[in-house]
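In case you want the letters, here they are:
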Amino acid sequence: MERIGIAGGSGAGKSTLAYNLVDNATDIFDVINFDDYQKLKTDADLPMVDSMINFDHPQVILWDKLIDDLALLEKGQILEIQTWDNRSNVDFQKHGIRITRQVFPKKVIIVEGYLSLWHPKLRALYDRKYFLDLNLDERLKRRQKFLYPEYRDRVLIPMHNEHVEPTKNYADRVFDTASLTPGPLLTQVIDDLRQHGII
């Protein structure tokens, strides 16, 4: 099993790229959505900024669970993950309830998410690492969650600058998604995966 990481800021196109890869070759790819490994609002020791839960801080991620789940996929086990990703859980914004989705062992497992290149142990598992780069204004236009100005200004932007943006340095390839539409981006990533023997 090969593993690739797709990182970048919220709205940069990570999920779109990940699922375009899956749709292009469902027999080869499956996706782990990084957001499904965030702690719940009811969990203890959540990072806070004033009265707001900081969902953009590394401390909110269940890192051990994510790494363990990748090991289970490596052993051929099917994962059952409680997801709020809108691809699998299209009505989440209405009911706010996670539903179960299965992740299958495939030749290539994609881990997509804002901090997917942050943790050294997770980063070491990847066979190829990508960072999708996009300017702040465009990312904010595309962002679909936590649209509150206070959260944006006091949490999202500072956390991106402190924790997400530096992980660009760990990427094998950085793609500027301001100048790449999803189709050409998909083509470039597939070409890169082929060149490096991933697919």
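Calculation notes
- Residues numbered from 1 in each chain as written.
- Predicted model: local features only at pLDDT ≥ 70, side-chain atom pairs only at ≥ 80, totals over all residues.
- Heavy atoms only, no water.
- Phe/Tyr/Trp six-rings, centres within 6.5 Å; stacked < 30°, edge-to-face > 60°.
- Helix = DSSP H or I, 4+ residues; strand = E, 2+ residues; numbered from the N terminus.
- Buried < 20%, exposed > 50% of the residue type's maximum accessible area, 1.4 Å probe, protein only.
- Core = buried A, V, L, I, M, F, W, Y, C linked by side-chain atoms within 4.5 Å.
- Contact = heavy atoms within 4.5 Å.

## Topic: the packing of aromatic side chains
No. 1: Tallying each qualifying case throughout the model produces four aromatic pairs.
No. 2: With 5.4 Å between their ring centres and 65 degrees between their planes, Phe-34 and Trp-63 make a pair best called edge-to-face. Taken as a pair, Phe-34 in the loop between strand S2 (29–33) and strand S3 (48–49) and Trp-63 in helix H2 (residues 63–74) lie far apart in primary sequence, 29 residues in all. When sorted by exposure, Phe-34 lands in the same class as Trp-63, which is buried.
No. 3: Judged by its relative accessible area of 0%, Phe-34 falls in the buried class.
No. 4: In textbook terms, an aromatic cluster arises when at least three aromatic residues are bridged by ring pairs, as seen for Phe-34, Trp-63, Tyr-114 and Trp-118.

## Structural notes on the nonpolar core
Nonpolar side chains in soluble globular proteins generally cluster together in the buried interior.
No. 1: Ranked by size, the top nonpolar core spans 33 residues in total, and within it Ile-32, Phe-34, Ile-61 and Leu-122 carry the most contacts.
No. 2: At the level of elements, strand S4 (52–53), H2, strand S5 (79–83), strand S7 (108–112) and helix H6 (149–164) are the ones that each hand at least two residues to this core.
No. 3: Those residues in contact with Ile-61, other than ones at most four positions away along the chain, are Phe-34, Tyr-37, Gln-38, Tyr-114 and Leu-115.
No. 4: Listed in part, the 24 residues of the second largest apolar core include Val-108, Ile-110, Leu-186 and Leu-193.

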